[in-house]
Amino acid sequence: MIILKKSSEIAQIKKSGRVVARVLRSMSEAIVPGKTTTRDLDALAFRLIEEAGGKPSFLNYRGSYPASICASVNDVVIHGIPNDIPLQEGDIVDLDVGVFLDGWHADSAWTYPVGSISENAQRLLNVTRESLYQGIAKAKVGSRVGDISSAVQKYCESHGYGVVRELVGHGIGRNLHEEPSVPNFGKPGKGPLLKAGTTMCIEPMVNEGTHRIHTLPDQWTMKTDDGKLSAHFEHTIAITSSGPEILTTEED
Ligand code: MF3
Ligand code: CO
C-alpha cells in the first residue's frame, strides 16, 4: 500500500531533506584528494545530522549497517562501507545519506568527482544525473511507476550504459523504505498509479559496462562484475498536483 502524505507531512520530509542536502554538500566540500577517507566523511555526516537534531537513517539499518553513510568508490555500485583508504585524484565517490528528523526520513545520493577525473568517468556522471531528472520529470499525478522506470532506462541505455536491476528506488516517509518500489528499468504505462501525496526516492544506479553486479562477503558492498565504474544519484521527491517537487534540496 502506498501511504499518501498531506502537504504538512511533505513539509516535514522536506525539513529532513534540507539536512540531507546540507550534509552531502559539506561532505563533498571536505574532500581533499589523497587525504580524506570515507570514514572521515562518515564522521562529518554523523556530527552534522546530530547537530541538526536528527538521526542517521542508515546507522544500524536491518540491525547491521555500521555507518551513517554509504560511500561507494569507482566500481562499487552501492552500500560501500566507509573505510580508512584516502580518496584518490581521479576516483568517483557515491555518497548516500538518509536523515530521520521529527519522525520523517529523507534520502539522497550524489556521485562526486575526486579532483580531476577521466572523460569517461565524467560522461557516466553526467548521464546518470540526467537520467534521475528524466525520471523525476515523469513523476506526475496520473502517471505510473513504469513511466519513471522506462524513462531512466531508455536514457541510460541510449548512452550504452548498464542499468542495475537488483536495487530499486522506493517510497519514503515514516519509514526509510515504503511502497512503491521504483525500478530503474520497466515499461511505460505499467506499475502502480501515481497520486498526489506520493513521496518516493528515485535512484538510478548506472554502470559503464555490464549491468551485472555482485555482493562482497561483508554482505553490503556491491560491485560491478566487470570492474568498470558505476554511478548513483538519488533524490527524495513528492508528487503534487502542480508536478514533482524535489525534497532533498537546500533551496527555498
Ligand atoms: N539509498 C539507499 C536505499 O535507499 C541506501 C540504503 S543504505 C542502508 O536503499 F544501509 F540503509 F541500507
Ligand atoms: Co534510497
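In what follows, the structure referred to is the one given above.
Residues numbered from 1 in each chain as written. Chains lettered and ligands numbered in written order. Predicted model: local features only at pLDDT ≥ 70, side-chain atom pairs only at ≥ 80, totals over all residues. Heavy atoms only, no water.

Peer 1: Even after reading the chapter, I still don't get unusual backbone geometry, so can you show me in this structure?
Peer 2: For residues that are not glycine, phi is negative in most cases, and the peptide bond is trans in most cases. The omega angle of the peptide bond from E179 to P180 is 0°, so this bond is cis rather than trans. For P180, the position within the fold is in strand β8 (residues 178–182). At N60, a residue that is not glycine, the phi angle is positive and equals roughly 75°. We classify N60 as exposed; its relative accessible area is 52%. (Helix = DSSP H or I, 4+ residues; strand = E, 2+ residues; numbered from the N terminus. Buried < 20%, exposed > 50% of the residue type's maximum accessible area, 1.4 Å probe, protein only.)

Peer 1: It is not clear to me how the packing of helix α1 (residues 7–30) against helix α2 (residues 38–51) should be interpreted in this structure. Could you clarify?
Peer 2: Two quantities define a packed helix pair, namely the angle between the helix axes and the distance between the axes. Following both chains from N to C, one finds α1 and α2 inclined at 145°, their axes separated by 10 Å at the closest point. Crossing of α1 over α2 shows right-handed handedness. Two secondary-structure elements touch here, α1 through V23, S26, M27 and A30 and α2 through L41, L44, A45, L48 and I49. Partitioned by chemical class, the residues of the contact of α1 with α2 number eight nonpolar, one polar and no charged. (Axes fitted to C-alpha atoms, helices over the stretch in contact; angles between N-to-C directions. Left-handed = near helix turned anticlockwise from the far one by under 90°. Contact = heavy atoms within 4.5 Å. Nonpolar A, V, L, I, M, F, W, Y, C, P; charged D, E, K, R; others polar.)

Peer 1: Would you mind showing me how to read the coordination of the cobalt ion (ligand 2) here?
Peer 2: Ideal donor angles around a metal are set by the shape: a four-donor tetrahedron calls for 109.5 degrees, a six-donor octahedron for 90 or 180 degrees. In this structure, D107 (OD), H170 (NE2), E203 (OE) and E234 (OE) serve as the protein donors to the cobalt ion (ligand 2), at separations of 2.0 to 2.4 Å. In this structure, the cobalt ion (ligand 2) is coordinated by six donor atoms arranged in irregular fashion, with angles at the metal of 66 to 172°. Given a relative accessible area of 0%, E234 falls into the buried group. (Donors = N, O, S within 2.8 Å, 3.2 Å for Na, K, Ca; no water. Tetrahedral: all angles 85-135°; square planar, octahedral: opposite > 155°, others 65-115°.)

Peer 1: Would you mind showing me how to read the side chain of E234 here?
Peer 2: Following the sequence through the fold, E234 ends up in the loop between β13 (230–232) and β14 (235–240). Excluding residues within four positions of it along the chain, E234 makes contact with D96, D107, S108, A109, L132, H170, C201, I202 and E203.

Peer 1: What's the story with the site of ligand 1 in this structure? I'm lost.
Peer 2: Around ligand 1 lies a shell of 13 residues, among which D96, D107, H170, H177 and E234 are the nearest. A distance of 2.7 Å separates a nitrogen atom of ligand 1 from a polar side-chain atom of D96. In this structure, H170 approaches ligand 1 through a side-chain N or O atom, which is 2.7 Å from an oxygen atom. The protein chains hide 95% of the 330 Å² of surface that ligand 1 would expose on its own. Partitioning the shell around ligand 1 into residue classes produces six nonpolar, three polar and four charged. (Near = heavy atom within 4 Å. Polar contact = N/O pair within 3.5 Å; in protein donor to acceptor, adjacent residues only side chain to side chain. Areas by Shrake-Rupley, 256 points an atom, 1.4 Å probe, with all protein chains shown as cover.)

Peer 1: Would you explain the sheet that holds strand β12 (residues 222–224) in this entry?
Peer 2: Strand pairing in a sheet takes place through backbone hydrogen bonds and is either antiparallel or parallel in direction. Strand order across the open sheet formed by three strands is β3-β12-β11, with antiparallel pairing between neighbours. The strands lining the two open edges of the sheet, one partner per strand, are β3 (76–78) and β11 (213–215). Shown here is a sheet whose adjacent strand axes are inclined to one another by a mean of 40°, direction ignored. Pairing between β11 and β12: three bridges, direction antiparallel. Along β12, the bridge assignment pairs I213 with T224. (Pairing = 2+ DSSP bridges.)

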